[in-house]
Amino acid sequence: MKQMIFIVLFCLSAAGLFAQKAGDTLYVSVQSAELKSSTGFFASTTGTVKYTDEVKVLAVNGKWVQVRTTAGNKTGWIASASLTSKRMAAQGSANASAREIALAGKGFSPSVESEYKKDGGKINYAAVDAMERVSIAQRELLAFIEEGRLAKGE
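Here's a quick rundown of the structure.

1. Remarks on the overall build of the protein chain
Check the secondary structure of the protein chain and you find five helices and seven strands. The helix and strand sequence of the protein chain, counted from the amino end, reads α-β-β-β-β-β-β-β-α-α-α-α. Here the protein chain holds 154 residues, and 17% of them are scored as buried. Partitioning the contacts of the protein chain with sequence separation of at least 6, the portion at a separation of at least 24 is 49%. Carbon and sulfur atoms make up 57% of the accessible area of the protein chain, which amounts to about 11,200 Å² in all.

2. A look at the pattern of salt bridges
If charged atoms from side chains of opposite charge come close, those side chains can pair. The full count for this structure, using the stated rule, is two salt bridges. A salt bridge links Lys36 to Glu34; the shortest N-O distance between them is 3.0 Å. With relative accessibility at 4%, the residue Lys36 sits in the buried group. A salt bridge links Arg87 to Glu54, with the shortest nitrogen-to-oxygen separation between them at 3.9 Å. Highlighted residues: Arg87 in the loop between strand E7 (83-84) and helix H2 (98-105) and Glu54 in strand E4 (residues 54-61), separated in sequence by 33 residues. Classification of Arg87 by relative accessible area gives exposed; the value is 62%.

3. Some thoughts on unusual backbone geometry
Within the chain, Thr52 stands out as a residue other than glycine whose phi angle is a positive 80°. In this fold, Thr52 is placed in the loop between strand E3 (45-50) and E4. Residue class for Thr52 comes out partly exposed when judged on its relative accessible area of 23%. Backbone geometry at Arg149 places phi at a positive 55°, although glycine is not the residue there.

4. Points about the packing of aromatic side chains
On inspection of all chains with the given rule, the structure shows one aromatic pair. Between Phe41 and Phe42, the aromatic rings sit 4.9 Å apart at their centres with planes inclined by 90°, giving edge-to-face as the arrangement. For Phe42, a relative accessible area of 25% translates into the label partly exposed. In this structure, Lys36 is placed above the aromatic ring of Phe41, and the distance from its NZ or CZ to the ring centre is 5.6 Å.

5. Looking at the pairing of strand E5 (residues 64-69)
Across six bridges, E4 lies against E5 in antiparallel orientation. Its bridge partner lying in E5, Lys56 is registered against Arg68. What sits between E4 and E5 in their antiparallel hairpin is a turn of two residues, with Gly62 showing a positive phi close to 65°. When E5 meets strand E6 (residues 75-79), the two strands line up antiparallel, connected through five bridges. Bridge assignment links Val67 to a residue of E6, and that residue is Gly76.

Thresholds applied
- Residues numbered from 1 in each chain as written.
- Predicted model: local features only at pLDDT ≥ 70, side-chain atom pairs only at ≥ 80, totals over all residues.
- Heavy atoms only, no water.
- Helix = DSSP H or I, 4+ residues; strand = E, 2+ residues; numbered from the N terminus.
- Buried < 20%, exposed > 50% of the residue type's maximum accessible area, 1.4 Å probe, protein only.
- Contact = heavy atoms within 4.5 Å.
- Areas by Shrake-Rupley, 256 points an atom, 1.4 Å probe, with all protein chains shown as cover.
- Salt bridge = Lys/Arg side-chain N within 4 Å of Asp/Glu carboxyl O.
- Phe/Tyr/Trp six-rings, centres within 6.5 Å; stacked < 30°, edge-to-face > 60°.
- Lys NZ or Arg CZ within 6 Å of the ring centre and 35° of its normal.
- Pairing = 2+ DSSP bridges.

Okay, structure coming up:
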């Protein structure tokens, strides 16, 4: 029993070491993300941050982190999954082209793509590329969810 309590306490203290706290410097780890006026996907947008942008943590609320850009001109809430404590290298700084970065985002590398192309070009990714270009306004998505009486999630 004592061993189980020790393990639980150890796990809780270890988790606390990796949590963000006010004053921390973090970096945006996604291509772009909207800063929100409050926690929640459907909160109004106050600004946008891009990959490698540096931000300071102002507050933490569950899976949401309130940040201010280091330039100081943007403040808002962002999902913690879009942030990292590791300094990010700017896109292309590792001699990667925009196309290679896009492929990596899809789980492909040039060598993986060439293997698929060896199949005689029978595989067409135009539909996937077209779907990636689709953008739905948040108000339309919210209307769809409410009309269908679906759960909004967090």
